[in-house]
Amino acid sequence: MLNQATGTPPDPVVTLRDVHKSFGPLKVLEGVSFEVPRGTVTAIIGRSGSGKSTALRCIDRFETIDRGEIRVCGHRVDAPGLDLRRLRQDVGIVFQSYNLFPHLTIEQNITLAPTAVKGMPRAEARALAAEVLAQVGLGDKLQAYPEQLSGGQQQRAAIARSLAMRPKVMLFDEVTSALDPELTGEVLKVIEVLAASGMTMVMVTHEMGFARGIADEVVFMHRGRVHERGPAAMLEAPTTPELRQFVGSGL
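Rules used in this analysis
- Residues numbered from 1 in each chain as written.
- Predicted model: local features only at pLDDT ≥ 70, side-chain atom pairs only at ≥ 80, totals over all residues.
- Heavy atoms only, no water.
- UniProt positions renumbered as here; feature names shortened; annotations may be inferred.
- Disulfide = S-S within 2.5 Å.
- Buried < 20%, exposed > 50% of the residue type's maximum accessible area, 1.4 Å probe, protein only.
- Helix = DSSP H or I, 4+ residues; strand = E, 2+ residues; numbered from the N terminus.
- Contact = heavy atoms within 4.5 Å.
- Polar contact = N/O pair within 3.5 Å; in protein donor to acceptor, adjacent residues only side chain to side chain.
- Axes fitted to C-alpha atoms, helices over the stretch in contact; angles between N-to-C directions.
- Parallel < 35°, antiparallel > 145°, perpendicular 65-115°, else oblique.
- Left-handed = near helix turned anticlockwise from the far one by under 90°.
- Core = buried A, V, L, I, M, F, W, Y, C linked by side-chain atoms within 4.5 Å.
- Phe/Tyr/Trp six-rings, centres within 6.5 Å; stacked < 30°, edge-to-face > 60°.
- Nonpolar A, V, L, I, M, F, W, Y, C, P; charged D, E, K, R; others polar.

- Under the annotation held in an unreviewed UniProt entry, the chain carries the name Glutamine transport ATP-binding protein GlnQ and is attributed to Methylobacterium frigidaeris.
- Turning to the chain, the UniProt annotation filed under Sequence similarities (unreviewed entry) states: "Belongs to the ABC transporter superfamily."

Structure (structure tokens):
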């Protein structure tokens, strides 16, 4: 994806350089490096235990790294003096589990962060909640509670909650893995619309067909390393036996 004015790639919003991460004696990331240009979608794929979700969590400082460098939206994420609140305003993250507060309505779940973190007036936050819920096809669910929604609707509400912070980049960690095929389709359509709007996104996914259709770049992780990286077309013609086996297995 090139800048139409200059013919050059857009500036990276996310940069990982030689990132290492261990949990005790277990080495999970061993020298991971990749960049995510502004306005693009990067899909991280790989087998369970390859380090892909850990890499994503390090981008938003949910995990600290042992060595290396991570820059996101101008923030040096690995720096000791990182302003975590400012980072989280620029980066939205949606997990496999929806993490909605069950005792709050969907509107209250969405308005909580804009009012508490950004100091947004309540009336403005409520209007924003209506806007982002309409964006994910849930405009009629403002006063519903999470338990009254299907799994797909709860995941879309979680996406709306992140969008309400007006992030510069969105991270998705296996957001459809707990959903059946019909509900998965609901959520993937929302992500497709976000991609078409120019949102910068990094997504860990096991949905190979979706990765082929939406990703500007695919990062294949294997045993804690970036094993292969390139445009989504590389999934049609893998150059390494590891990726060939992974794609062929249908995982």
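**Details of the state of the cysteines**
As used here, a disulfide is simply a covalent bond connecting the sulfur atoms of two cysteines.
Here is step 1: Counting across every chain of the model gives zero disulfides.
Here is step 2: In this structure Cys58 is not part of a disulfide, and its nearest cysteine sulfur, from Cys73, lies 16 Å away.
Here is step 3: Cys73 gets classed as buried once you look at its relative accessible area, which sits at 18%.

**Things to note about the environment of Asp18**
Here is step 1: Structurally, Asp18 is set in strand S1 (residues 12-23).
Here is step 2: If we ignore the near neighbours within four places in the chain, the residues touching Asp18 are Gly31, Val32, Ser33, Arg67 and Gly68.
Here is step 3: Polar contacts involving the side chain of Asp18 include one to the side chain of His20, which spans 3.0 Å.

**Notes on the packing of helix H3 (residues 106-117) against helix H5 (residues 151-163)**
Here is step 1: Contact pair H3 / H5: the axes reach a minimum separation of 8 Å and the direction vectors enclose 30 degrees. As the angle between them shows, H3 and H5 are arranged roughly parallel. Taken as a pair, H3 and H5 cross one another with a handedness that is right-handed. Only Ala157, Ala160 and Arg161 of H5 make contact with H3, whose side of the interface consists of Ile106, Asn109 and Ile110.

**Some thoughts on the nonpolar core**
Here is step 1: If you look at the biggest cluster of nonpolar residues, it comprises 52 residues, and the most contacted ones within it are Ile159, Phe172, Ile191 and Met201.
Here is step 2: Element by element, the count of residues in this core is highest for helix H6 (residues 181-196), at seven residues.
Here is step 3: Discounting chain neighbours no more than four positions away, the residues touching Ile159 are Val94, Val136, Met170, Phe172, Val187, Val190, Ile191 and Leu194.
Here is step 4: Core analysis: the second largest hydrophobic core is formed by 30 residues, Val36, Ile44, Phe95 and Leu171 among them.

**Points about the packing of aromatic side chains**
Here is step 1: Considering all chains together, one arrives at two aromatic pairs under this definition.
Here is step 2: Ring geometry for Phe62 and Phe95: centres 5.4 Å apart, planes at 85 degrees, overall edge-to-face. Of the two residues, Phe62 is situated in the loop between helix H1 (52-59) and strand S4 (67-72) and Phe95 in the loop between strand S6 (91-94) and H3; the sequence distance between them amounts to 33 residues.
Here is step 3: You can call Phe95 buried: its relative accessible area is 15%.
Here is step 4: Summarising the aromatic geometry, the rings of Phe220 and Phe246 are spaced 5.5 Å apart at their centres and angled 35 degrees between planes, so their arrangement reads as tilted. In this pair, Phe220 sits in strand S9 (residues 217-222) while Phe246 sits in helix H8 (residues 241-248), placing the two residues 26 residues apart along the sequence. Like Phe220, the residue Phe246 is buried in the burial classification.

**Quick notes on the packing of H3 against helix H4 (residues 122-135)**
Here is step 1: It is the contact of H3 with H4, at a shortest axis distance of 9 Å, that shows an interaxial angle of 125 degrees. On the basis of the axis angle, H3 is oblique to H4. Relative to H4, H3 is oriented so that their crossing is right-handed. Counting all contacts with H3, which are made through Ile106, Glu107, Ile110, Thr111, Pro114 and Thr115, the residues of H4 involved are Arg122, Ala125, Arg126, Leu128, Ala129, Val132 and Leu133.
Here is step 2: Of the residues in the contact of H3 with H4, the class split is eight nonpolar, two polar and three charged.

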